[in-house]
Amino acid sequence: MSLALQELLLCCRGLENEKATERKKEVDRFRRLIRSPDTVEELDRTSGCKASKGSKQLTWDAVFRFLQKFLQKETELLKSGKANVSATTQANRQKKMQEISSLMKYFIRCANQRGPKLKCAELLSHVVEVLQNQFSCGAYGEDYSSILLKDVLSVRKYWCEMSQQQWHSLLELYCGLFNRRSKSINRVQVSRILYTVIWGCCVQTEGLSHTLFNFFLKALSNTREERQLMVLENLVSAVNVFLRSVLLSCRRRACALGEEVLSAMLCVYTQMRPSSALKDELVKFFQLQICVHHPKGAKTLET
């Protein structure tokens, strides 16, 4: 093992130190080491070398596992803290949470800057595990959603490696986050990920869950309450993608959905000053409803 990797390994082990001050020192050292050209070059070499598989060489995935343990330890300490504390203590906790998730985001982007080096299954599993837990989602939800959107769902290699179960698990997770109106994650970001996941499910899996009809019925019926037009743009884009994939197999349900939410959609178009992009998506929705209600078209000019 090279000197650069030996130093990084000692640093990773230092992240497990029982003393908070020592762990903080190692975090600062870790940031410095992980952006060092020598360290990056060595990690790229060991991670891409078939001979290193099963050996004791330090790889990007091995460093990622050290970081996961560090995050878990810090999260447990934060969770065990007293609930009723001063505003200063609460602010310090918030800062600590931000530093932890920021470190993870920084590492993932350093690892995958020259193409994906981390294993998709392990990266996705960690992200979903954090977001499914109520406490860790509240603490790191914003940064982890950013990781999911920018470092997983935007990577073509990962897109193709994700299983049907993983796509559907993400869909269920973000439908839940959208319905709960989670304060820990930007609502525009949640809606953007939801759109991307629905698109991914259409392209990469054998079919979408029919429970999405209920989800869109509730979400689109409440459009008057939505104050952020970008959320509506992502939501209408998502329902259009969904409808195109199920029109042939679920025509009656598609018609019923359109009939239930049409007045709310018209209200958005006429009263909420939508952007040109949102207007385009609304028109596409209306066109899809015309097609599904009248699949054979009109017989005469009058009709």
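Residues numbered from 1 in each chain as written. Predicted model: local features only at pLDDT ≥ 70, side-chain atom pairs only at ≥ 80, totals over all residues. Heavy atoms only, no water.

### Here's the deal with the packing of helix H4 (residues 60-79) against helix H6 (residues 120-132)
Their axes nearest at 11 Å, the elements H4 and H6 cross at an angle of 10°. Here H4 lies roughly parallel to H6, going by the angle between them. Along its contact with H4, which presents Asp61, Phe64, Arg65, Gln68 and Leu71, the element H6 presents Glu122, Leu123, His126 and Val130. (Axes fitted to C-alpha atoms, helices over the stretch in contact; angles between N-to-C directions. Helix = DSSP H or I, 4+ residues; strand = E, 2+ residues; numbered from the N terminus. Parallel < 35°, antiparallel > 145°, perpendicular 65-115°, else oblique. Contact = heavy atoms within 4.5 Å.)

### Topic: the packing of aromatic side chains
The tally for this structure, following the rule as stated, stands at 13 aromatic pairs. Ring centres 6.2 Å apart and planes at 10° place the aromatic pair phenylalanine 64 and phenylalanine 107 in the stacked group. In this pair, phenylalanine 64 is assigned in helix H4 and phenylalanine 107 in helix H5 (residues 87-111), connecting sequence segments 43 residues apart. For the pair phenylalanine 64 and phenylalanine 107, one class covers both residues: buried. Centroid distance tyrosine 140 to tyrosine 144: 6.2 Å. Interplanar angle 45°. Geometry classified as tilted. In this pair, tyrosine 140 and tyrosine 144 are both assigned in helix H7 (residues 134-152), four residues apart and thus about one turn of the helix distant. Looking at tyrosine 140, the relative accessible area reads 0%, which means it is buried. The exposure class of tyrosine 144 is buried, given its relative accessible area of 0%. (Phe/Tyr/Trp six-rings, centres within 6.5 Å; stacked < 30°, edge-to-face > 60°. Buried < 20%, exposed > 50% of the residue type's maximum accessible area, 1.4 Å probe, protein only.)

### Details of the nonpolar core
One finds Phe30, Phe107, Ile198, Phe216 and Leu243 to be the most contacted residues of the largest nonpolar core, which totals 99 residues. Each residue touching phenylalanine 216, except ones within four places of it in the same chain, is listed here: Ile198, Ser221, Leu235, Ala238, Val239, Phe242, Leu257 and Val261. (Core = buried A, V, L, I, M, F, W, Y, C linked by side-chain atoms within 4.5 Å.)

### Considerations on the environment of proline 116
Position of proline 116 relative to the elements: it lies in the loop between H5 and H6. For the pair proline 116 and asparagine 234, spaced 118 residues apart in the sequence, the C-alpha separation amounts to 27 Å. Dropping the residues within four chain positions of it, proline 116 is found in contact with Val155, Lys157 and Tyr158.

### Considerations on helix H13 (residues 251-271)
Here H13 is 21 residues long and its end C-alpha atoms lie 29 Å apart, about the 30 Å a rise of 1.5 Å per residue gives. Its axis deflected by about 50° at valine 261, H13 carries its strongest bend there. Where H13 is concerned, the buried positions are Ala254, Cys255, Leu257, Gly258, Val261, Ala264, Met265, Cys267 and Val268. In this structure, the buried side of H13 is in contact with helix H11 (212-221), helix H12 (229-246) and helix H14 (276-293). Arginine 273, located one to two residues past H13, shows a positive phi value of around 50°. (Expected span 1.5 Å × (residues − 1). Bend = angle between axes of the 7 residues up to and from the residue.)

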